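Listed below are the residues making up each chain.
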Amino acid sequence: MSSESSAAPQPLSFLRANMEIVIAILLGLVSIATAYASFQSTLYDGNMTQNYTKGSNLSTEAESLYLEGNQQYVQDAQLFDRLTDLQLDAQNPDPGIAAAAQEKYDIIYFQSVSEEFGAAIDWADQQNAADPEVYYSPLDNEDYQAFLFGTYAETKDQADAMIAAGDEANSLSDRLTLNTVLMALSLFLLGIAALVKKFRVQAILVSVAVVIFVVAAALTAAIPMLWLG
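Computed from a predicted structure; not experimentally measured. (Residues numbered from 1 in each chain as written. Predicted model: local features only at pLDDT ≥ 70, side-chain atom pairs only at ≥ 80, totals over all residues. Heavy atoms only, no water.)

## Notes on the packing of aromatic side chains
No. 1: Enumeration according to the criterion identifies six aromatic pairs in this entry.
No. 2: Centroid distance Phe80 to Phe117: 6.4 Å. Interplanar angle 75°. Geometry classified as edge-to-face. Here Phe117 lies in helix H4 (residues 115-130) and Phe80 lies in helix H2 (residues 19-89), a separation of 37 residues in the sequence. Here Phe80 matches Phe117 in class, with each residue buried. (Phe/Tyr/Trp six-rings, centres within 6.5 Å; stacked < 30°, edge-to-face > 60°. Helix = DSSP H or I, 4+ residues; strand = E, 2+ residues; numbered from the N terminus. Buried < 20%, exposed > 50% of the residue type's maximum accessible area, 1.4 Å probe, protein only.)

## Notes on helix H6 (residues 199-221)
No. 1: Here H6 spans 32 Å end to end across 23 residues, near enough to the 33 Å set by a 1.5 Å rise per residue.
No. 2: Of the positions making up H6, those classed as buried are Gln202, Leu205, Val206, Ala209, Ile212, Phe213, Ala216 and Thr220.
No. 3: Looking at the buried residues of H6, the elements they touch are H2 and helix H5 (142-195). (Expected span 1.5 Å × (residues − 1). Contact = heavy atoms within 4.5 Å.)

## Remarks on the pattern of salt bridges
Charged atoms that come close allow side chains of opposite charge to pair.
No. 1: Here the structure, examined in full by the defined rule, presents one salt bridge.
No. 2: When the shortest N-O distance is used, the salt bridge between Asp160 and Lys156 registers 3.0 Å. Here the residue Asp160 and the residue Lys156 both occupy positions in helix H5, the gap between them amounting to four residues, near one helical turn. (Salt bridge = Lys/Arg side-chain N within 4 Å of Asp/Glu carboxyl O.)

## Details of the confidence of the model for the protein chain
No. 1: Chain-level pLDDT for the protein chain is 91 on average; 94% of the residues reach the 70-or-more range.
No. 2: Across the protein chain, the secondary-structure element scoring lowest on mean pLDDT is helix H1 (residues 14-17), at 77, and the one scoring highest is H5, at 96.
No. 3: Confidence drops under a pLDDT of 50 for residues 1-11, and excluding neighbours within four residues, the segment shows zero contacts in the predicted structure. (pLDDT = per-residue confidence, 0-100.)

## Some remarks on the nonpolar core
No. 1: Membership of the largest hydrophobic core comes to 17 residues, with the highest contact counts inside it found for Met183, Leu190 and Val206.
No. 2: For this core, the secondary structure elements donating two or more residues are H2, H5 and H6.
No. 3: Those residues within four positions of Leu190 in sequence are excluded, and the remaining contacts are Ile23, Leu26, Leu27, Val30, Val206 and Ala209.
No. 4: Core analysis: the second largest hydrophobic core is formed by 14 residues, Tyr105, Phe117, Ile121 and Phe149 among them. (Core = buried A, V, L, I, M, F, W, Y, C linked by side-chain atoms within 4.5 Å.)

Set out below in structure tokens:
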């Protein structure tokens, strides 16, 4: 009996036989990942807008607080100049002038000097008495400055933090958008592979699509997940 001259056909590989199923599974996975990346990008956009809005409102509030504190500072500076003039007049050799000046000083001090500014004046008097070589102004007192501008500084820090958080959310949203584009490219390649009949071309398209998807998925996974609410 003579042997057959042609070799028996080799069985198709598992991948070759199931390429359509593999492509279908990959299309599903990439579609889900694309939807996730797009959804997260939308959430980060919302987070960015919310933080920018809060930061802008806080910046406006901080500016208002600063103007309020600065207005009080200017008024106290003018008041202190007036009190200084009256103190000098109270030392006049003429008893009548001195008494009138002291009376004016006491009335103006009682009516116009706040508790915080009064404490700053007392502090300055003590410092000037202890160190006559250096002049200490109550307007430079740290506690007084904190009273006028402390709330402004706190609000400004909060505004800066909110705006920085908005910038971070914007950056992450842009990265997710780029990842979405990469995944869409992967979907495009997989869609073409599903239509191609040649196995070699299919394998090349699927391989490139998988590489792009893996990179995009890894970049997406590195971004913290946001939740609704």
